[in-house]
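# Structural description and commentary
Residues per chain, in single letters:
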Amino acid sequence: MSESPELMTNEERVAYVQTKRKQTQIRDVMLAVIGILSFFLIWEAVVLTGWVDSKKLCSVLEVFQLFILKFTDPNPDGAVLLVNVWSSLLIALSGFGLAIVIGIPLGWLMGWYKGFDAFMRPIFEIIRPIPPVSWIPLSIVWMGIGLKAKSFIVFFAAFVPCLINSYTGIRQTKEVLKNVGKTFGASYFTVFWKVGIPSSLTMAFAGIKVAIGNAWATLVAAEMLAASSGLGYMILMGRSYGRVDLVILGIVVIGLLGVAISAIISKFEELLMGWKKL
């Protein structure tokens, strides 16, 4: 392979770019692993040296041991880890999914059709500043403490960022793109469908990523107030029994689930928006 990229053939240039990309990916993975290991080492050192009281922060090893134990031991919260994970995932994803199905199309319609925006905006502006947790008492009265009530609360937490980002994204559609569609005889709806929506997807996916974080935060609050299982409930029981390790385990599992879901969303975004690389 030639030393200078300017002197390479097309095949050599492609191979050179692929090699550089792999090297960058390997470097990033190594830095991520080093960062995580450094965090755990500092955490363990802080506990072992006694800088922090063991009643306030347990060691990494204790959390890992509890993680293994909770697969078979339901104490002290009354459910094994997988039951808590499934309970929280079911609620979070049902409310989150409903927010995507309703919030994103509603944002597109409001951002594209001015009449519909004028009709819906006052209602949305009233709902938007209401904290999702303030719906907890009403949801318990209306639906009890089951799946529907908690999914309803999660829905409100995820709904707002989905709508706002899809609304903002479609409003930023370039006028030149709209005019090109009209020049070729496309109807207003066709321009909306084939120009407005694709151009707004970057902002829409950004809203989805914000929404999943809001969904988890609200779910934990809802489970702390009214639940019989779930990661939020497990954290609450850990606090009640003075089990710092149980609290930290719940937090870590929520973080890992959040990372996994965000990675799935990012992968789906890459697949759906592959045309932007062309």
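No experiment lies behind these values; they were computed from the predicted model shown. (Residues numbered from 1 in each chain as written. Predicted model: local features only at pLDDT ≥ 70, side-chain atom pairs only at ≥ 80, totals over all residues. Heavy atoms only, no water.)

Moving on to the UniProt feature "transmembrane region" (unreviewed entry) in the protein chain. Here the UniProt-annotated "transmembrane region" (unreviewed entry) positions come out as residues 29–52, 85–111, 123–145, 151–170, 191–208, 214–234 and 246–265. Each end of residues 151–170 is marked by a C-alpha atom, and these two atoms are 28 Å apart; helix forms 100% of the span and strand 0%. Overall, residues 246–265 shows 100% helix and 0% strand. The separation of its end C-alpha atoms is 29 Å. (UniProt positions renumbered as here; feature names shortened; annotations may be inferred. Helix = DSSP H or I, 4+ residues; strand = E, 2+ residues; numbered from the N terminus.)

Next up on the list: empty space enclosed by the protein. Counted under the stated rule, the structure contains 2 cavities of 30 Å³ or more. Volume-wise, the second largest cavity comes out at about 30 Å³. Lining the second largest cavity are Ile 127, Arg 128, Ile 130, Pro 132, Trp 135, Phe 156 and Val 160. (1 Å grid on protein atoms, 1.4 Å probe; cavity = no way out; pocket = protein on both sides within 12 Å on 5 of 7 lines; lining within 4 Å. Points joined across faces, edges and corners; volume = space filled by probe spheres on them.)

Turning next to the packing of aromatic side chains. Evaluated as defined, the whole model comprises 18 aromatic pairs. When the centroid spacing of 6.3 Å and the interplanar angle of 70° are considered together, the rings of Phe 124 and Phe 159 count as edge-to-face. Taken together, the positions of Phe 124 in helix H4 (residues 114–127) and Phe 159 in helix H6 (residues 147–171) put the pair 35 residues apart, joining distant regions of the chain. On the basis of relative accessibility, which here comes to 7%, the residue Phe 124 falls in the buried class. Centre to centre, the rings of Phe 189 and Trp 193 are 6.4 Å apart; their planes meet at 15°, and the pair counts as stacked. With Phe 189 and Trp 193 both in helix H8 (residues 188–225) and 4 residues apart, this pair spans about one turn of that helix. With a relative accessible area of 48%, Phe 189 lands in the partly exposed category. (Phe/Tyr/Trp six-rings, centres within 6.5 Å; stacked < 30°, edge-to-face > 60°. Buried < 20%, exposed > 50% of the residue type's maximum accessible area, 1.4 Å probe, protein only.)

Here we come to the nonpolar core. With 57 residues, the main nonpolar core has Phe 96, Phe 159, Trp 216 and Leu 231 as its most contacted residues. Taken together, the elements giving at least two residues each to this core come down to helix H1 (10–48), helix H2 (60–69), helix H3 (81–112), H4, H6, H8, helix H9 (231–240) and helix H10 (244–272). The element contributing the most residues to this core is H8, with 13 residues. (Core = buried A, V, L, I, M, F, W, Y, C linked by side-chain atoms within 4.5 Å.)

Further remarks concern the pattern of salt bridges. In this structure the tally under the stated criterion is 8 salt bridges. Among the charged side chains, a network of salt bridges with common partners joins Asp 117, Arg 121, Glu 125 and Arg 128. (Salt bridge = Lys/Arg side-chain N within 4 Å of Asp/Glu carboxyl O.)

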